[in-house]
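Overview (structure and organization)
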Amino acid sequence: MDDPAEVPYRRRPGRRRAAVSALARSALIAAGLVTVYYVLPLDGRITSGDSVVLACGLLLVVVVFWWEVRAIVTSPYPRLKAVEALATTLALFLLLFAGAYFLLEHTTPGSFSEPLTKTDSLYFTLTTFATVGYGDITARSQTGRVLTMIQMAGGLLLVGVAARILAGAVQAGLRRQGREPSDSPSRPEN
């Protein structure tokens, strides 16, 4: 069978199937990570080791992100792989902070304007990430505010820097295949 990089773009077999597979994998990864978040027994108290766990979790997000960037460059469908990378990295990042907020509230009640369930913690994480900030849940303790500021800064980095890195990886993958990115609307995206 021909190497996907050598097959002209329009004749590439399975392009639609690859798109459906990539979207399905993205949805399954995100759903799996959310399921793990809800199943994990996070009802304990934060210890000094939990700060290390949060730092290791953030390091894991960076490692997964770089691993995904490398996979984008070598993928026959770099744009689709970038969608998967973003879904994985974003889900890990958000769920890491949701877990941290949940643990903080259970360790130091009153850290937020109301007690947080896992769903409330995820809701607060998403409203903070989306910069919507409805104001119904707010960080009240210094630790809660610092953690929220770390999430805000990380979210900005994820959206700004990570998006730029992913775009560069997609371009490198297309160049590797001899398919330079085109502004021409006659060539559909993959």
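The following refers to the structure shown.

Take the overall build of the protein chain next. Helices and strands together make up the secondary structure of the protein chain, namely five helices and zero strands. Element order for the protein chain, N to C, with α for helix and β for strand: α-α-α-α-α. Residues counted as buried form 38% of the 190 residues belonging to the protein chain. Approximately 10800 Å² of the protein chain is accessible, and the part contributed by carbon and sulfur atoms is 66%.

Moving on to the packing of helix α4 (residues 118-129) against helix α5 (residues 142-176). Relative to each other, α4 and α5 sit at 55°, their axes nearing to 9 Å. Taken together, the axis directions place α4 and α5 in an arrangement best described as oblique. In the packing of α4 onto α5, the handedness of the crossing is right-handed. When α4 is examined against α5, the residues Phe124, Thr125, Thr128 and Phe129 are found in contact with a partner set consisting of Thr148, Gln151, Met152, Gly155, Leu158 and Val159. Classifying every residue of the contact of α4 with α5 gives five nonpolar, five polar and no charged.

It is worth spelling out the nonpolar core at this point. In terms of nonpolar packing, the biggest core is built from 28 residues, with Ile72, Phe93, Tyr101, Phe112, Phe124, Leu147 and Leu166 touching the most fellow members. Elements that contribute at least two residues to this core include exactly α2 (48-74), α3 (78-107) and α5. Those residues in contact with Phe93 that sit more than four places away from it in its chain are Leu58, Val61, Phe129, Gln151, Gly154, Gly155 and Leu158. Of all hydrophobic cores here, the second largest spans seven residues; its members include Leu42, Leu95, Phe102 and Leu103.

This paragraph deals with the side chain of Ser111. Examined against the element boundaries, Ser111 turns out to sit in the loop between α3 and α4. Of the polar contacts made by the side chain of Ser111, one reaches the backbone oxygen of Thr108; its length is 2.7 Å. For Ser111, the residues in contact, after removing those within four places along its chain, are Leu104, Glu105, Thr138, Ala139, Arg140 and Ser141.

Here we take up the pattern of salt bridges. Per the counting criterion, the structure on display carries three salt bridges. A salt bridge links Lys81 to Glu68; the nearest nitrogen and oxygen atoms lie 3.4 Å apart. A residue pair is termed long-range when its members are at least 10 positions apart, and Lys81 in helix α3 and Glu68 in helix α2 qualify at 13 residues. Both residues of the pair, Lys81 and Glu68, count as buried. Close ionic contact of Glu84 with Lys81 constitutes a salt bridge, the shortest N to O distance being 3.6 Å. Of this pair, Glu84 and Lys81 both sit in helix α3, three residues apart, which is roughly one turn of that helix. The two residues Glu84 and Lys81 agree in class, both being buried. One continuous salt-bridge network, built from bridges that share partners, spans Arg25, Glu68, Lys81 and Glu84.

Let us now look at the environment of Leu90. Along the chain, Leu90 falls in helix α3. Residues Leu90 and Val159, spaced 69 residues apart in sequence, show a C-alpha to C-alpha distance of 9.2 Å. Ignoring sequence-local partners within four residues, the contact set of Leu90 consists of Phe129 and Leu158.

A separate point is the side chain of Thr128. Counting through the fold element by element, Thr128 comes out in helix α4. Under the relative-accessibility criterion, Thr128 is labelled buried at 11%.

Cut-offs used in this document
- Residues numbered from 1 in each chain as written.
- Predicted model: local features only at pLDDT ≥ 70, side-chain atom pairs only at ≥ 80, totals over all residues.
- Heavy atoms only, no water.
- Helix = DSSP H or I, 4+ residues; strand = E, 2+ residues; numbered from the N terminus.
- Buried < 20%, exposed > 50% of the residue type's maximum accessible area, 1.4 Å probe, protein only.
- Areas by Shrake-Rupley, 256 points an atom, 1.4 Å probe, with all protein chains shown as cover.
- Axes fitted to C-alpha atoms, helices over the stretch in contact; angles between N-to-C directions.
- Parallel < 35°, antiparallel > 145°, perpendicular 65-115°, else oblique.
- Left-handed = near helix turned anticlockwise from the far one by under 90°.
- Contact = heavy atoms within 4.5 Å.
- Nonpolar A, V, L, I, M, F, W, Y, C, P; charged D, E, K, R; others polar.
- Core = buried A, V, L, I, M, F, W, Y, C linked by side-chain atoms within 4.5 Å.
- Polar contact = N/O pair within 3.5 Å; in protein donor to acceptor, adjacent residues only side chain to side chain.
- Salt bridge = Lys/Arg side-chain N within 4 Å of Asp/Glu carboxyl O.

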